[in-house]
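# Fold and contact review
Each chain is listed here by its residues.
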Amino acid sequence: PGGDRVHAQWYPNGVGLSKFQGEQTCEVVLSGDRDWMGVSAPLTQSYDEHIKMIREAKRFIFIENQYFSTDFPSSSHECSNGKVRGQAVLYSGASNKIGAVLLERITEAGRRNEQFSVAIIIPLGTEPGSFYPNLRGSYCFEQAVEDAWKAEGLMSNWRDYFSFFFI
């Protein structure tokens, strides 16, 4: 809002302008801090947009990212205390709420028996010799979804609503 605007046109190969009616909108959003972008205060536009898109999703959510490191409720010994380095079995240090919001949306879909699915595609390892952030994220998040299904007494299979895929 209030930022500069760029007008761009893109047409698939061989398709002319007459095939497109109306105006399409694309918004570029940013996230970063002083270390990454040299800004004085953290920019959280893309984080805020991700939260909004997850909450407003109607049929599916597709996330492809380098990492799945997030904070969400957890009851297991391995996944609890994920932000406390000395107490965590599987430490993440993450404080973002993407996982908690995803868990809420998936559970809401299960409660309503909606046709809804979430697919998350991540590499198992992100740096040579390290698969820790994504391993913890995927293992603990699947456990949290399964726990939510049990707590809600949902009869459907949670796997119909949610899957991880590794590249």
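Below: a short report on this structure. Everything numeric here is computed off the predicted structure, so don't read it as measured data.

All right, on to the sheet that holds strand β4 (residues 117-122) then. If you trace the three strands from one edge of the open sheet to the other, you get β3-β4-β5, paired in parallel fashion. In this open sheet, the two strands that pair with only one neighbour each are β3 (60-64) and β5 (162-166). On average, adjacent strands in this sheet sit at an angle of 10 degrees to one another, irrespective of strand direction. Direction of pairing for β3 relative to β4: parallel, over a ladder of five bridges.

This part takes up the pattern of salt bridges. Counting across every chain of the model gives five salt bridges. Close ionic contact of Arg112 with Glu108 constitutes a salt bridge, the shortest N to O distance being 3.0 Å. One end of the pair, Arg112, and the other, Glu108, are both in helix α3 (residues 98-112), four residues apart, so they sit about a helical turn from each other. Residue classification places Arg112 among the exposed positions, given a relative accessible area of 55%. Here Lys150 ties to Glu146 by a salt bridge, and the two come within 3.9 Å at their closest N and O atoms. With Lys150 and Glu146 both in helix α4 (residues 132-152) and four residues apart, the pair spans about one turn of that helix. For Lys150, a relative accessible area of 61% corresponds to the exposed category.

The rules behind these values
- Residues numbered from 1 in each chain as written.
- Predicted model: local features only at pLDDT ≥ 70, side-chain atom pairs only at ≥ 80, totals over all residues.
- Heavy atoms only, no water.
- Pairing = 2+ DSSP bridges.
- Helix = DSSP H or I, 4+ residues; strand = E, 2+ residues; numbered from the N terminus.
- Axes fitted to C-alpha atoms, helices over the stretch in contact; angles between N-to-C directions.
- Salt bridge = Lys/Arg side-chain N within 4 Å of Asp/Glu carboxyl O.
- Buried < 20%, exposed > 50% of the residue type's maximum accessible area, 1.4 Å probe, protein only.

Honestly, that's just the spatial picture; any functional story needs more than this.
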